[in-house]
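Tertiary structure, described
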Amino acid sequence: MINAKRIAVGAALIFFALFPFAGATFYTELVTKVMILAIFAMSLDLLVGYTGLVSFGHAAYFGIGAYTLGLLAPKYEAASLWTTLPLAMIAAGLAALLVGLFVVRAKGIYFIMVTLAFAQMFYFVFHDTKFGRGSDGISLNFKPSAAIGGWVPLDFANVLHGYYFVLAAMVLVFLFLRILLRSTFGRALQGIRSNEHRMRSLGFPVYWYKVASFTLAGGLAGLAGYLATMQFGFVNPEILSWHQSGNVLLMLILGGLGSLYGGIVGAFVFVALQEIYSSLTSHWQLLLGSTIVLLVIFLPGGLASVGARFKSTLFGSATDE
Amino acid sequence: MNEPLLWTTGLSKRFGGLRAVNDVAIRLAQGQIHAVLGPNGAGKSTLINLLSGDMAATSGTVLYKACDITRASADRRARLGIGRSYQKTNIFPAFSAMENCRLAAQSRAPRILHWFSDALADAPTCAAAERALHDAGLADCGTQPASALSHGEQRQLEIAMVLATRPDVLLLDEPLAGMGAEEASRMVDLLRRLRDHHAILLVEHDMDAVFALADVITVMVNGQVLESGPPEQIRASTAVREAYLGSEVA
Ligand SMILES: Nc1ncnc2c1ncn2[C@@H]1O[C@H](COP(=O)(O)OP(=O)(O)OP(=O)(O)O)[C@@H](O)[C@H]1O
Ligand SMILES: [Mg+2]
């Protein structure tokens with residue numbers, strides 16, 4: 001059965017690699033957007049699905065990454081990927097570190113509320129001060145590019161460059177998180193999710209693990225935010241609104257918490273449903289909401305659990321990873 | 001008598017008006033099993049919570065290796081070498097028995113920034129976990145999810161996890177409760193072997209085990225120490241007989 005999984009992953013990769021040649025630019029851009037959301041969702045999964053921290057303010061770090069590019073982009077030339085991308089991740093990671101130092105002491109519903117409160121603070125900083133140019137946000141005159149000497153291998157004004165760069169970023173984030181979750185650090189996070197009290201009594205400084213996880217998740221959300229500004233060419237405060245935090249949580253719930261594929265699947269299904277329903281009716285949010293409710297009721301493990309369920313009904317046994 | 005490894009002076013814990021632990025002085029030394037007896041609600045588990053850092057003392061001090069650890073957090077105390085088990089099984093249900101112990105073994109060196117090294121490739125940690133499973137009699141159960149183990153096996157796992165942290169002090173809260181006769185006698189043998197290199201505090205209702213193992217027995221009633229001394233003294237004490245043993249041993 002491990003082979004079946006490999007084949008599925010291989011097929012998905014080939015599909016992604018060839019996709020831009022199959023469809024119109026509109027779809028290439030749509031899938032780019034979905035992959036950015038998938039990175040965002042995976043970063044949240046590290047918190048919600050693996051550390052047991054249900055953050056309802058994750059859009060803050062997405063937005064800070066996005067604004068970093070908006071604020072750093074020069075007026076008359078393209079921003080350099082080499083400097084702006086790491087800075088966006090560092091800015092988002094630092095913000096998450098500072099917030100994390102406060103919020104990870106809170107538990108359960110209180111954690112949800114404080115993460116939301118901090119996210120709202122960031123929202124107002126960008127929405128109501130001159131710093132982020134208010135509610136209009138920032139438009140890029142030039143999309144960023146990456147130059148090596150005089151050679152410019154990546155120019156994000158080109159839709160294909162954007163698509164493949166985002167694809168590579170998504171695969172790298174996936175692999176990074178996979179390795180991380182198998183490390184001593186990652187296993188400790190999962191222990192915290194399962195039984196925080198026992199982790200503490202075994203000797204783990206749980207607080208610092210949570211801070212580290214919150215920081216990492218923030219940095220990765222910052223990466224996704226950067227890519228969003230790069231892709232859309234503008235950024236406004238709505239990117240850090242609580243709707244955005246809610247949407248990414250819904251993606252995770254749709255796809256399945258605590259499985260990295262879940263973030264990717266969830267982002268795709270969420271955007272697909274959004275597109276389909278909004279073409280049918282202006283009350284599409286109602287349809288989307290009911291679909292999610294039905295899914296949660298009938299498929300509590302999310303869509304990523306479908307494979308495992310299928311396997312166990314076929315072969316009548318519990319599945320190995 | 002050995003130098004004590006862990007000892008307390010005037011240790012107290014109040015829950016509102018209730019003095020759950022009241023002015024307790026206790027000394028745990030390496031090479032000794034110190035049993036704590038007492039009726040339900042006497043404050044035995046609370047005493048362990050105060051020693052392990054699960055609860056903060058209302059007053060009094062806890063000293064470990066000549067350092068005052070009264071205000072130290074539970075995780076810090078665990079890293080210093082104070083390990084405990086729980087009366088109510090407290091494990092990672094979804095993880096395999098082996099992973100329960102491996103995490104425990106990993107805890108003494110948390111390595112919070114080791115993000116890229118595969119945890120399972122860390123041979124010393126895995127070996128410590130294997131040994132703990134084996135010592136607790138779970139050598140064959142390593143791959144099973146902890147939630148699939150029987151109640152008795154989960155009690156054994158509870159002990160295996162403490163052992164995997166390689167502590168110097170063992171605080172065991174009713175380790176034999178819920179175990180079958182065979183496992184219990186196995187556990188008694190294990191505790192006897194562990195005695196030489198550990199200071200052990202044993203809270204246990206199984207009198208046969210207690211009198212077979214204990215070097216010192218402290219009897220608590222209503223949060224206070226009623227009497228403390230070698231097993232013969234406790235057995236002979238009329239106060240203890242009246243307050244506690246009377247009803248059970250007679
Ligand atoms: N967290 C708590 N809050 C309030 N009261 C508590 C708390 N924990 C324990 N108590 C009370 O403190 C007293 C001592 O409880 P403790 O659990 O230490 O007894 P014990 O000797 O371990 O009993 P048992 O043999 O039943 O395990 C009891 O009266 C109990 O109800
Ligand atoms: Mg108790």
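That block above? That's the structure.
Residues numbered from 1 in each chain as written. Chains lettered and ligands numbered in written order. Predicted model: local features only at pLDDT ≥ 70, side-chain atom pairs only at ≥ 80, totals over all residues. Heavy atoms only, no water.

Another aspect to go through is the overall build of chain B. When its secondary structure is counted, chain B shows nine helices and 11 strands. The C-alpha radius of gyration of chain B comes to 18 Å, within 12% of the 18 Å expected for a compact globule of 250 residues. Projected onto its principal axes, the C-alpha positions of chain B cover 60 × 40 × 35 Å. The buried share among the 250 residues of chain B stands at 56%. Accessible area of chain B: about 10,600 Å², with a carbon and sulfur share of 51%. Between the centroid of the 24 positive side chains of chain B and the centroid of its 28 negative side chains there is a distance of 7 Å. (Helix = DSSP H or I, 4+ residues; strand = E, 2+ residues; numbered from the N terminus. Rg over C-alpha atoms; globule rule 2.2 N^0.38 Å. Buried < 20%, exposed > 50% of the residue type's maximum accessible area, 1.4 Å probe, protein only. Areas by Shrake-Rupley, 256 points an atom, 1.4 Å probe, with all protein chains shown as cover. Lys, Arg positive; Asp, Glu negative; His and termini not counted. Charge placed at Lys NZ, Arg CZ, Asp CG, Glu CD.)

Two side chains carrying opposite charge are able to pair once their charged atoms lie near each other. Under the criterion given, the structure shown has 11 salt bridges over all chains. A salt bridge links B:Asp189 to B:Arg192, with the nearest nitrogen and oxygen atoms 3.3 Å apart. Of the two residues, B:Asp189 and B:Arg192 both sit in helix α6 (residues 181–195), three residues apart, roughly one turn of that helix. Notably, a salt bridge pairs B:Arg195 with B:Asp215, separated by 3.0 Å at the nearest N-O pair. Separated by 20 residues along the polypeptide, B:Arg195 in helix α6 and B:Asp215 in the loop between α7 (207–213) and β10 (216–221) bring together distant segments of the chain. Judged by relative accessible area, B:Arg195 falls into the buried class, the value being 14%. What emerges from the salt-bridge pattern is a single network uniting A:Lys107, A:Glu196, A:Arg200 and A:Lys210. (Salt bridge = Lys/Arg side-chain N within 4 Å of Asp/Glu carboxyl O.)

The next thing to look at is the nonpolar core. If you look at the biggest cluster of nonpolar residues, it comprises 147 residues, and the most contacted ones within it are A:Tyr61, A:Met170, A:Leu177, A:Phe214, A:Leu227 and B:Leu157. Counting the residues that make up this core, at least three belong to each of domain 1 (1–81 + 169–250) and domain 2 (90–166) of chain B. If we ignore the near neighbours within four places in the chain, the residues touching B:Leu157 are B:Ile91, B:Ala97, B:Asn100, B:Cys101, B:Leu133, B:Leu138, B:Ala146 and B:Leu149. The next biggest cluster of nonpolar side chains, apart from the first, holds 25 residues, and it includes B:Leu47, B:Ala57, B:Ile82 and B:Val203. (Core = buried A, V, L, I, M, F, W, Y, C linked by side-chain atoms within 4.5 Å. Domains from an automatic or database assignment. Contact = heavy atoms within 4.5 Å.)

On to the interface of chain A and chain B. In this assembly, 25 residues from chain A lie in contact with 32 residues from chain B. For the chain A face of the interface with chain B, the top three residues by lost area are A:Thr184, A:Arg187 and A:Arg198, together amounting to 28%. The salt bridge involving A:Arg198 is made with B:Glu158; its shortest N-O contact spans 2.5 Å. Every element with two or more residues in the side of chain A that touches chain B is listed here: α6 (159–182), α7 (184–202) and α8 (206–232) of chain A. (Buried area = accessible area lost by both parts, 1.4 Å probe.)

Attention now goes to the packing of aromatic side chains. The final tally for this structure, using the stated rule, is 23 aromatic pairs over all chains. Judged by centre distance (5.7 Å) and plane angle (80°), the ring pair of A:Tyr61 and A:Phe214 falls under edge-to-face. Of this pair, A:Tyr61 sits in helix α3 (residues 59–72) while A:Phe214 sits in helix α8, and the two are 153 residues apart along the sequence. A residue is classified by how much of its surface remains accessible, and A:Phe214, at 2% relative accessible area, is buried. Ring geometry for A:Tyr123 versus A:Phe124: centroids 5.4 Å apart, planes at 80°, classification edge-to-face. Connected via pairs of aromatic rings, a cluster forms that spans A:Phe15, A:Phe16, A:Phe19, A:Tyr163, A:Tyr164 and A:Phe268. Here the basic side chain of A:Arg105 rests over the ring of A:Tyr207, its NZ or CZ set 4.3 Å away from the ring centre. When the ring centre of B:Phe211 is taken as reference, the NZ or CZ atom of B:Arg235 above it lies at 4.2 Å. (Phe/Tyr/Trp six-rings, centres within 6.5 Å; stacked < 30°, edge-to-face > 60°. Lys NZ or Arg CZ within 6 Å of the ring centre and 35° of its normal.)

Another aspect to go through is the sheet that holds strand β7 (residues 82–84) of chain B. All names here are of chain B. With mixed pairing, the six strands of this open sheet are ordered in space as β7-β8-β9-β4-β10-β11. Either end of the sheet is taken by a strand with one partner, and the two such strands are β7 and β11 (224–229). Sheet twist, expressed as the mean angle between neighbouring strand axes with direction ignored, is 15°. The sheet contact formed by strand β8 (residues 169–173) and strand β9 (residues 199–203) spans five bridges and is parallel. Bridge pairing in β9 places Val-169 opposite Ala-199. (Pairing = 2+ DSSP bridges. Axes fitted to C-alpha atoms, helices over the stretch in contact; angles between N-to-C directions.)

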